[in-house]
Amino acid sequence: MKTKIYKLSLIVIAFITLCLGCSKDFLDTKPLGVISPDQFYKTDADATGAVMSCYQMFEAINASPWTSLWMLKELPSGEVLCGGGKRNDQPPYEEIAEFRFGSDNSVITQVYGMAYYTILRTNLVVDNVKPDNEYKKAVIAEAKTLRALMYFDLVTLWGPVPLVLHNLNPSEYQQPNSTIAAIWAQIEKDLTEAIPDLPLKSQLMAKGMDISRVSKGTAQSLLGKALLFEKKYADAATQFETVITSGEYGLNPDYSQILRKSSEWGRESIFEINYAITQLNTWSTGNIWANPGRTTLDNVHWQLTGPRGDAWFAGGTSGLFAGWGFCSSSQETYNAYVAAGDDVRRKASIMNEAELQSFGGKMRDASNTLPYGSVGLIRLKYSTWKDETVDPAAATPEKNLGTNLRVIRYADVLLMAAEAYNQASGNDAKALGYLNQVRTRVSLPGLTVSGPALFDAIKKERRLELSFEGVRYQDILRWGTTATDLAGVGTKYYLGTFTGTVEDFVPVDNSGFKPNKNELFPFPLNETKTNSKIVQNPGFGG
Amino acid sequence: MKLTIVLFILAISQLMAVGTYSQSTRLSLNLKTVAVKDVLDKIEANSEFVFLYNSKLIDVDRTVSMDFRNEKISEILNKLFQETDVSYTVVDRQIVLTTKADQSSFSRLLNGQQGKVVSGKVTDSSGGSLPGVSVVIKGTTNGSITDPNGNYSVGNIPANSILQFSFVGMKMQEIEVDNKSVINIVMQEETIGIEEVMAIGYGVQKKNSVTGAISSVKAEDMQNTSITRPEQILQGKTAGVQVIPISGSPGAGMNVRIRGYSSNANSNPIFIVDGVKTQDIGYLDPNDIASMDILKDASSAAIYGAEGGNGVVMITTKGGQKGKTLISYEVQHSWQSAGNLPKLMDVNQYAQYMKEGGIINNVDKTYNTDWLKEIMETGSLTKHHISMTGGNDKSVFLLSLGYMTNDGIIKGSQDKFKRYSIRLNSDHEMKSWLKVGNHLSYAHTDRSAINETQGEFGGVISSALQIDPATPVSFQNNIPAYAQAIINANPSVLKDPNGNYYGISQYNFGEIVNPFVTMAITNGGIYQDNLNGDIYAEITPITDLTFTTRYGVDINYQNNHFWRPTYYYTAERNNGSTVVVDQNQMNNTWIWENFVSYKKSIQNHNFVLLAGMSAEDYYQRVTNVQGGPMVKEDPSFAYLSFLSGQTNDLVTGNPNYFKKESQFGRVTYDYMNKYMFQGSIRRDGASLSYVPKSGRWGIFPSFSGGWVISSEDFFNKTILSYAKLRGSWGQNGSLSNLLTTPYGYLPAITAANTGLIMQYPLSTGNSPAFEPAVAPNPNLKWETSQQTDIGVDLRAFKDKLTFTADYYVKTTKDLITLSNPPLEVGNNPAQINAGTVENKGFEFELGYKEKIGDFKYSANVNLSTLKNNVTYLDPTVGQINGAQVGPSGSWYATVFEQGHSMWHFNGYKTAGIDPATGNPIFVKKDGTKTNAAGITGADLQDIGSPLPKLLFGANINLAYKAFDLTVSASGMSGNKVMMAWIRTDRNQINRPTYFFDGRWTAAGQNTKIPGAGADSKTYNSDQIVFNGSYLRIQQIQLGYTLPTSMADKFSIKSLRIYVSMDNFFTFTKYPGMDPQPSPQYTSPTTTLSNSVGIDRGTYPIPRDIMVGASISF
């Protein structure tokens, strides 16, 4: 009996020892669905996957819920009214539209943060992909172009941001401000280096890339634009001239279609950010509220900025469905078209109430009021087009608006070229030619002015041609015409109700563009708290 | 003949005794050359036997040697007294030693009835007769034993005698005989807890020898309450424990905080059920629990090392009992309702407020809806529980069945919880050296809930608070034009069961939805199957050495099934296409533990040594499947086989693995039960899913000591009967905060994001995007807490008064948090060890128990103080943003920063209302006063803490004859509550009349309440932060127990019926729903931990009126 027990004890002890012994790799679990960084960036497919994350960030930065770079550029431009469901619907957007924002504004914070998410992803491609074949060289060039594009928005909107070109180690987290000149120099360097390695747009598919990826023309146009912003007009003209003479691009004859889904990556397109309707999102899929735009392929901001439904908007046969009422056209934008006699582009850009009614639609509720924050003008560019989303039977239409965002198109290049020639050498003939190409397309008479009058004409033309496309705010800042172009912008909001025939409005305290302050956005509050080396932009405190 | 009578009486007594202790108890003795007296003492010390003898007659100084292993008491006594004239009589736990000579006088007594005779009846405190009570004339061995009816008779009593009455478990009483011929005695139970045993992890310890800070809650505290989850009982019962329901809705979980909030994220304690760690104890029927021991200090918890940092709750379920089979049945029914509903503005007040604020000029006053009243109904809660126990010398078992159903206080039956549970616990003595057994529990739960998870963005209750009273529940006859237009344009506007359209608000929009619409579109629920338990073997190869091996499992399968119907309410709240969703989760944990304990006594030095190991493996599989549209929009088609297309299909799923292994040891020592010492150490290793290899091992030591001053010779016991000083120090860890992001330190390239793949849509199709998952942190390690505790345990007035006090300082270091790198880093932040939190406080527990005739009462009060401070936070983190309130990204209403209480409210400070404008006067961070335009986000500051400064609880029990009354209360003070459903971006919402009464209306008025049109920053300020102190009367219960004599007639053992009011009264100044709001809403940044005290308008804790009965056979 006793021996049995001792034997048993031995077995038990052996058991414990065994368990301790066998546990050497018991704790060595492996993560799933990830690749170790030293195993990545090797193949062409790795390079594609890595550069796709750069594009994906451009998609996200304009389509995160309540965070959009496009909105950040549109709201203070005077082209749109903030609007929404009611006052205080989205306070951060209202603050931007009314120049009341501080460094704690969440949209400014998130766009700034996502810009550097984009930059890290481009830096990783540039630093880790080996340029050992033509495809990988093109991928590196793509990443450099996208990095330049991101720094372009940072330097024009925030000014002297930190210039980060590598993945930072914790010891390098405290980055000081760079200088505006250094950032422009880097943009030029990246684009100049990228151009030789990039295929032409027409060669993209053949080179195993995609029509929607960065082409030589993209980099050249962006370089031209950067040089124009730097007022290096002659160099800018050279770049634009290369794009124009490449024969790769042309104007879409029908202006009303240029931002529609059917015209995506057409002849006029130089660079677009892609969205898709193929995800078939519903309210219960796509993680729209949980995840900042990383896995949804649609752009929820097109829904956000559609004409307000509820008791107000009904589309009739206009092809539009109801949105949530942000970013409707301002009266000033509408008036600019009317003043210029520009009927084609006006009708393609803005629908008025009478036109909506002619489609059997309506804009007013039973008590004859307009939606809050609107003057009854529907923005048609990037609108809530039924044919640019899914069939309601398949999924939720408002969750699947997939219209691509046009970053740069040929008409923009023509107008920038005109501006560069006019400003650089006074080659007004060439400038006038390009300007009139744009005017002719929309059945406007050619102009014959020159010198400063031509410059004024080009500025006006840019406003009408590129309305709602997210370029005007940066144009106004670089031209320094804020005193006239932004006068009164964001100083009141409309209620939709009427006293007599005049729509009621509420003036906003402390609103409007403030010189020597609003030329740049502030660095986010969180940034000034966590980065001791950053110096805040003027007018925004420490 | 006479002896026969004695034996007959004894035999009867034996039958009547609870269990057959003497038959079942086995003792091991190994004593060399000791006095018989010492042998008897030793037996008393190691068993429940008590010897009664006259040392003048029995030679107890005779030396003997004894060596027995697992022998019955009879064997031992036979050996001990062989060849002497001593004979023994065992009556349950009492052993009377007599001499042969004495025996004859004993029988003479019974026979002769010579001299003075005293007789009487002995009863227990409830009036039941007590058989087998020994009645002895003091100083002699003459006496008698009570018969089955508790009657006795003692004759031959000399003058001036004293009768001693004694019975195990009862206090001995001495009565002077004087002239009395009848002496009736009521025996009193021994004072509470003297030999109470506590679970301490891998073993038990007598309460008297415990040196750490451990509080216990016993089964009695859990019976007869309306609680549905075991955690609930901890509230108010012991000092230093706070229970925060995640929601008041049926079946919702609980957060438990022991000694404050020690971590920035998860501060939940671990639950050890019958020795096995369990994720969630919601499956446990509280009726199955024998005791809950809360290990509060580090030295007690340190044996659970790595995970004991937030305290340990040891739960012991009831086991079987030898002998008699006992069947108990417990039934309860409660009617539930909401108490403390806030008073909201009616339509007239609302109209006036909106007009004054310039928000809405003319509110249509056709309707005046009291939304809170509309959504509420009387809920019901029914519980049944049957348990059966029994066993013989070798095996004992408990089998129990429980059923609970709870339909909550919101209309409809979407707020419902059902639990079916089965438990089988058994223990078998296979051999003298081998004991095996099991605890097995199976539970099925079925829970559905109203929409609460969206917080202030469209929850049923938050919307009922927010939506204007001008909107009707349904449009009865006239549909207003604005609503008609919406109905015309949208065919899927919903109708109520009577065919009327649900009311659509013309003033509130967006996520604020008619709560009946939200209820109508919510369906489905979560089914869960839980299998929990363990099998164990205890091997005793040599005396005092026990080896235990135990394999435990915690298996949880759950299915969440629901579907989304098409509906239209507003542009932001509608659904155009049906979707069916099945979310399946399988959570599987096994824990294997092996440990050896060795008990040794050398003279008066007593040691217990423990060493062991533990390995744990957690495996989770998640499959989420959804599809749509449905072929027909009908609940019976809401399954994935009945879809008309695949357009809404989405499949995701991934496994998770976590593993741990540990070695541990403990030394417990005492000298004469007077000086005690305990030391333990545990080494824990975690799998790479938590921490990198370099930091995966943690070593957690602890020490504690105690000194029973009252055992010293110099101690005067006249008032204080017991006094013990305790002190402890120890370290614990915590890994639970790493679970949210497995491998959150590892450099890795991924294409996944929140369960989906990131892709970029190229013209040729989507192309996956690969990027770094996180900024890596190779230095990540365990979170460690260190705690020092000093305490004192006192008993006074013959142990009627008990008092325990503790002071502790608990410091949690290397808190795990996401870093907050400058945005230029451009990467998801890594998890880092970034901060230190300190909790310190006093804890007091005071109890008093008394009996005056038929009146018994006891009272317990407890009080604890809490001081919480973030003493360090890595400067690179600056502050950690916590819960968001209102529009996305615009306001972090709680932050974690150095020098403040953790997760304090972060808002604008105000200094009264500006009489000129009706806006608050705002105070900038530098202290200067300004108007709303003058402050920015940089002026957000600490505007109060949701953490209580004081927690208190009280329990009073009164009993008179068959009636008993229990009153218990708990509460807290010093905590603040934020009324977060007042949204800055929706100023047309309704509000409590608090904001209407006494508000600013015209220039020049001095008021405390801002005007109706106050700036939106007002609602990001201390104007919505309130004193959240409260006192809740948890229970007032009146019970009636059928007297034993009556019970006997009905052939039942006991019957108690009761009526009760649970959580019925709450005293608070908070004008919102519940001063202890439930942190239901979560998002990636908003967690249950950083949302404490934020009232987003969630399910209130219901109050109950309950009737119940417990009966046992």
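Here the focus is the overall build of chain B. Scanning chain B from terminus to terminus reveals 13 helices and 62 strands. Computed over its C-alpha atoms, the radius of gyration of chain B comes to 34 Å, within 12% of the 32 Å expected for a compact globule of 1113 residues. Dimensions of chain B, computed from the C-alpha atoms along their principal axes, are close to 105 × 65 × 65 Å. Sequence-distant contacts, at least 24 apart, represent 70% of the contacts inside chain B between residues at least 6 apart. Of the roughly 42700 Å² of accessible surface on chain B, a fraction of 55% belongs to carbon and sulfur atoms.

If you check which residues of helix α4 (residues 73-80) of chain B are buried, you get Ile73, Ile76, Leu77 and Leu80 of chain B. Taken around the axis of α4 of chain B, the buried residues stretch over an arc of 95°, which confines them to a single face.

Residue and element names in this part refer to chain A. You can read the domains of chain A as domain 1 (24-197 + 517-530) and domain 2 (300-403). Placing the centre of domain 1 and that of domain 2 at their C-alpha centroids yields a distance of 31 Å. Taken together, the contacts link 24 residues of domain 1 with 20 residues of domain 2. Buried area between domain 1 and domain 2, both sides added, is near 1700 Å², and the carbon and sulfur share of it is 69%. Here domain 1 is connected to domain 2 by zero salt bridges. Run the count over domain 1 and domain 2 and you get nine residue pairs in polar contact (both at pLDDT 80 or more).

It is worth spelling out the packing of helix α6 (residues 134-157) of chain A against helix α17 (residues 472-479) of chain A at this point. Residues and elements named next belong to chain A. Relative orientation of the contacting elements α6 and α17 amounts to 50°, with a least axis distance of 10 Å. By the angle class used here, α6 and α17 are oblique. With respect to the hand of their crossing, α6 and α17 are arranged in left-handed fashion. The residues of α17 that touch α6, namely those facing Phe152, Asp153, Thr156 and Leu157, are Tyr473, Gln474 and Leu477. Each residue belonging to the contact of α6 with α17 can be placed in one class, and the counts come to four nonpolar, two polar and one charged.

Turning next to the interface of chain A and chain B. At the junction of the two partners, chain A supplies 103 residues and chain B supplies 102 residues. Both sides together, the interface formed by chain A and chain B hides about 8100 Å², and carbon and sulfur atoms give 61% of it. The largest share of the area that chain A buries against chain B comes from Phe26, Leu27 and Thr29 of chain A, three residues that together contribute 9% of it. Connecting chain A to chain B are five salt bridges. The shortest N-O distance in the salt bridge between arginine 696 of chain B and aspartate 28 of chain A comes to 2.7 Å. At the junction of chain A and chain B, the tally comes to 27 residue pairs in polar contact (both at pLDDT 80 or more). Of all elements in the fold, only α1 (2-21), β1 (34-35), α2 (44-61), α4 (91-97), α5 (106-128), β3 (269-273) and α19 (525-530) of chain A reach the threshold of two or more residues within the side of chain A that touches chain B. Grouping the constituent residues of the side of chain A that touches chain B by class yields 52 nonpolar, 32 polar and 19 charged. Both β1 of chain A and strand β37 (residues 749-750) of chain B contribute to a ladder of two bridges, which runs antiparallel.

Attention now goes to the sheet that holds strand β42 (residues 771-772) of chain B. Pairing within the open sheet is antiparallel, and its three strands lie in the order β1(A)-β37(B)-β42(B). For this open sheet the edge positions go to β1 of chain A together with β42 of chain B, each flanked by a neighbour on one side alone.

Before going further, it helps to spend a moment on helix α14 (residues 410-424) of chain A. Look at α14 of chain A: 20 Å from first C-alpha to last across 15 residues, which is about the 21 Å you get at 1.5 Å a residue. Counted residue by residue, α14 of chain A has 13 buried out of 15 residues, so it is predominantly covered.

The subject of this paragraph is unusual backbone geometry. Residue and element names in this part refer to chain B. Note the cis peptide between glycine 628 and proline 629, where omega equals 0°. Turning to its location among the elements, proline 629 is positioned in the loop between β32 (605-627) and β33 (650-671). Its identity as a non-glycine residue notwithstanding, asparagine 340 has a phi of 50°, on the positive side. With respect to the helices, strands and loops of the structure, asparagine 340 is situated in the loop between β22 (323-337) and α8 (347-356). Exposure remark for asparagine 340: the relative accessible area of 30% places this residue in the partly exposed category.

Once that is clear, we can look at the sheet that holds strand β21 (residues 312-317) of chain B. All names here are of chain B. With mixed pairing, five strands are arranged side by side in an open sheet as β15-β20-β21-β18-β19. Of all strands in the sheet, those with a lone pairing partner are β15 (214-218) and β19 (276-278), marking the two edges. Across the sheet, the mean angle from the axis of one strand to that of its neighbour is 25°, orientation sign disregarded. In this structure, β15 lies alongside strand β20 (residues 289-295), joined through five bridges in antiparallel fashion. If you follow serine 215 over to β20, its bridge partner there is isoleucine 294.

Attention shifts here to the packing of aromatic side chains. In total, this model carries 57 aromatic pairs over all chains according to the counting rule given. Above the face of the tryptophan 479 of chain A ring, lysine 459 of chain A is positioned so that its terminal group lies 5.7 Å from the ring centre. The residue whose ring lies beneath arginine 991 of chain B is tyrosine 1019 of chain B, and the NZ or CZ to ring-centre distance is 5.0 Å.

With that settled, the discussion passes to the packing of α14 of chain A against helix α15 (residues 428-441) of chain A. Helix-helix packing is described using two parameters, namely the angle between the two axes and the distance between the axes. All names here are of chain A. Where α14 contacts α15, the axes come no closer than 7 Å and their chain directions differ by 155°. One element, α14, and the other, α15, form an angle in the roughly antiparallel class. When the axes of α14 and α15 are compared, the crossing they make is left-handed. Each of Tyr410, Ala411, Leu414, Leu415, Ala417, Ala418, Tyr421 and Asn422 in α14 lies in contact with α15, whose residues at this interface are Asp428, Lys430, Ala431, Tyr434, Leu435, Gln437, Val438 and Arg441.

Definitions and cut-offs
- Residues numbered from 1 in each chain as written.
- Chains lettered and ligands numbered in written order.
- Predicted model: local features only at pLDDT ≥ 70, side-chain atom pairs only at ≥ 80, totals over all residues.
- Heavy atoms only, no water.
- Helix = DSSP H or I, 4+ residues; strand = E, 2+ residues; numbered from the N terminus.
- Rg over C-alpha atoms; globule rule 2.2 N^0.38 Å.
- Contact = heavy atoms within 4.5 Å.
- Areas by Shrake-Rupley, 256 points an atom, 1.4 Å probe, with all protein chains shown as cover.
- Buried < 20%, exposed > 50% of the residue type's maximum accessible area, 1.4 Å probe, protein only.
- Arc of directions from axis to C-beta.
- Domains from an automatic or database assignment.
- Buried area = accessible area lost by both parts, 1.4 Å probe.
- Salt bridge = Lys/Arg side-chain N within 4 Å of Asp/Glu carboxyl O.
- Polar contact = N/O pair within 3.5 Å; in protein donor to acceptor, adjacent residues only side chain to side chain.
- Axes fitted to C-alpha atoms, helices over the stretch in contact; angles between N-to-C directions.
- Parallel < 35°, antiparallel > 145°, perpendicular 65-115°, else oblique.
- Left-handed = near helix turned anticlockwise from the far one by under 90°.
- Nonpolar A, V, L, I, M, F, W, Y, C, P; charged D, E, K, R; others polar.
- Pairing = 2+ DSSP bridges.
- Expected span 1.5 Å × (residues − 1).
- Phe/Tyr/Trp six-rings, centres within 6.5 Å; stacked < 30°, edge-to-face > 60°.
- Lys NZ or Arg CZ within 6 Å of the ring centre and 35° of its normal.

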